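Structure assessment
Listed below, chain by chain, are the residues.
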Amino acid sequence: MKNQSENKVYTLAEVLGKHTIAELKQMTQVLEVKVLSKAKKQEIIDALSAKLLDKELLTAWLLAAGKQEIEELELAMAEDVVIAEESGRFYYWRNLVFVTGDGVVVVPSETAAVYNEIKSDSEYAQKRSRINVFDEYLMSCVNLYRAIDITTFLSIVNGQTGMNAKRPELES
């Protein structure tokens, strides 16, 4: 992602480096990254980077994301996006997207590269497509019925799409 004022592509290390040691340590706790209590800032950044760029973890996060979240990620990767810094909307998005001090939305270059690799995987694409169908049908069912049990939901989805989805797929 390019910063409008500097026309710069940020690396994950640069983005993480803008955080305080306390903020980085908080991220290690949230992400369950083990670091020594006396670890230097760069050691914490290296440990967080390894976790945040783990392809398996990123794939799981992306599959758990909603369609709108994926669209926002892709928008932030494609063009300059600036938001009010205090909104924090992107800052907390699964630690894939960050906001600079001037409100520029940043997707670190390594994160974008791993995302593009994951996105090109046919198995991921198939799962993502099914999730999008579930999301669309779930929103429609909630709008129509307010609440719906899983068995009825699956009956509707399978009857209208021919997907043959099963309960464990929804629960995973």
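Quick caveat: nothing in here was measured; it's all calculated off a predicted structure. Per-chain numbering applies: the sequence of each chain, read as written, is numbered from 1 onward. Reporting of local features is limited, given that this is a predicted model, to residues whose pLDDT is at least 70; pairs of side-chain atoms are given and counted only at 80 or more, and all residues count toward the totals for whole chains, interfaces and linings. Remark: hydrogens and water are excluded; side-chain values derive from all non-hydrogen atoms of the structure.

**Quick look at the overall build of the protein**
In this text, helices come from DSSP runs of H or I with a minimum length of four residues, and strands from runs of E with a minimum of two, each type numbered from the N-terminal end. Across its full length, the protein holds nine helices and two strands. Order of helices (α) and strands (β) in the protein, N terminus to C terminus: α-α-α-α-α-β-β-α-α-α-α. Working definition: with a 1.4 Å probe on protein chains only, accessible area under 20% of the residue-type maximum means buried, over 50% means exposed, and in between means partly exposed. The buried share of the protein, reckoned over its 172 residues, is 36%. Whether two residues are in contact is decided by their heavy atoms, any of which lying within 4.5 Å being enough. At a minimum sequence separation of 6, the contacts of the protein that also span at least 24 residues come to 53%.

**Things to note about helix 3 (residues 41-52)**
In an α-helix, one turn spans 3.6 residues, which is why side chains three or four residues apart end up on the same side. One less than the residue count of a helix, multiplied by 1.5 Å, gives the span that helix is expected to have. End to end, helix 3 covers 16 Å across twelve residues, agreeing with the expected 16 Å (1.5 Å per residue, within 8%). If you check which residues of helix 3 are buried, you get I44, I45, L48, S49 and L52. When helix 3 is viewed along its axis, its buried side chains cluster within an angular range of 135° and face the same direction. For helix 3, the elements touching its buried residues are helix 1 (12-17), helix 2 (21-30) and helix 4 (55-64). Taken from the helix axis, the directions to the C-beta atoms give the arc we talk about.

**Topic: the confidence of the model for the protein**
Confidence of the predictor at the level of single residues is captured by pLDDT, which takes values from 0 to 100. Per-residue confidence for the protein averages 83 on the pLDDT scale, and 81% of its residues sit at or above 70. The least confident element of the protein is strand 1 (residues 98-99), whose mean pLDDT is 67; the most confident is helix 3, at 95. Every residue in residues 1-6 scores below 50 in pLDDT, and together they form 24 contacts with partners more than four places removed in sequence or on other chains. Ignoring residues within four places in sequence, the model shows residues 87-92, a span with pLDDT below 50, making twelve contacts including any to other chains.

**Thoughts on the pattern of salt bridges**
One side-chain nitrogen of Lys or Arg within 4 Å of one carboxyl oxygen of Asp or Glu is enough to make a salt bridge. In the structure shown here, the tally under the stated rule is six salt bridges. For K67, the salt bridge is made with E136, and the minimal N-O distance between the two is 3.2 Å. Here E136 lies in helix 7 (residues 122-145) and K67 lies in helix 5 (residues 67-78), a separation of 69 residues in the sequence. The class of K67 is partly exposed, set by a relative accessible area of 37%. R167 serves as the salt-bridge partner of E171, at 2.7 Å between the closest nitrogen and oxygen. On the criterion of helical spacing, the pair formed by E171 and R167 is a turn pair, its members being four residues apart in helix 9 (residues 167-171). The exposure class of E171 is exposed, given its relative accessible area of 51%.

**What to know about the layout of surface pockets**
Counted as a void, the largest pocket has a volume near 460 Å³. Of all elements in the fold, only helix 4, helix 7, helix 8 (150-161) and helix 9 reach the threshold of two or more residues within the lining of the largest pocket. By residue number, the principal contributor to the lining of the largest pocket is helix 7, which donates six residues. Taken together, the residues of the lining of the largest pocket sort by class into nine nonpolar, one polar and five charged. Definitions used for this entry: grid spacing 1 Å over protein atoms alone; cavity, a set of points where a 1.4 Å probe fits but cannot get out; pocket, an open set with protein on both sides within 12 Å along at least 5 of 7 lines; lining residue, one with an atom within 4 Å of a point. Grid points are joined across faces, edges and corners, and a volume is the space filled by probe spheres set on the points. In this classification, the charged set is Asp, Glu, Lys and Arg, the nonpolar set is Ala, Val, Leu, Ile, Met, Phe, Trp, Tyr, Cys and Pro, and all remaining amino acids, among them Gly, are polar.

**Some details on unusual backbone geometry**
Unusually for a residue other than glycine, E32 sits at a positive phi of about 55°. The topology assignment puts E32 in the loop between helix 2 and helix 3. One non-glycine residue, R146, adopts positive backbone phi at about 70°. Relative to the helices and strands, R146 is located in the loop between helix 7 and helix 8.

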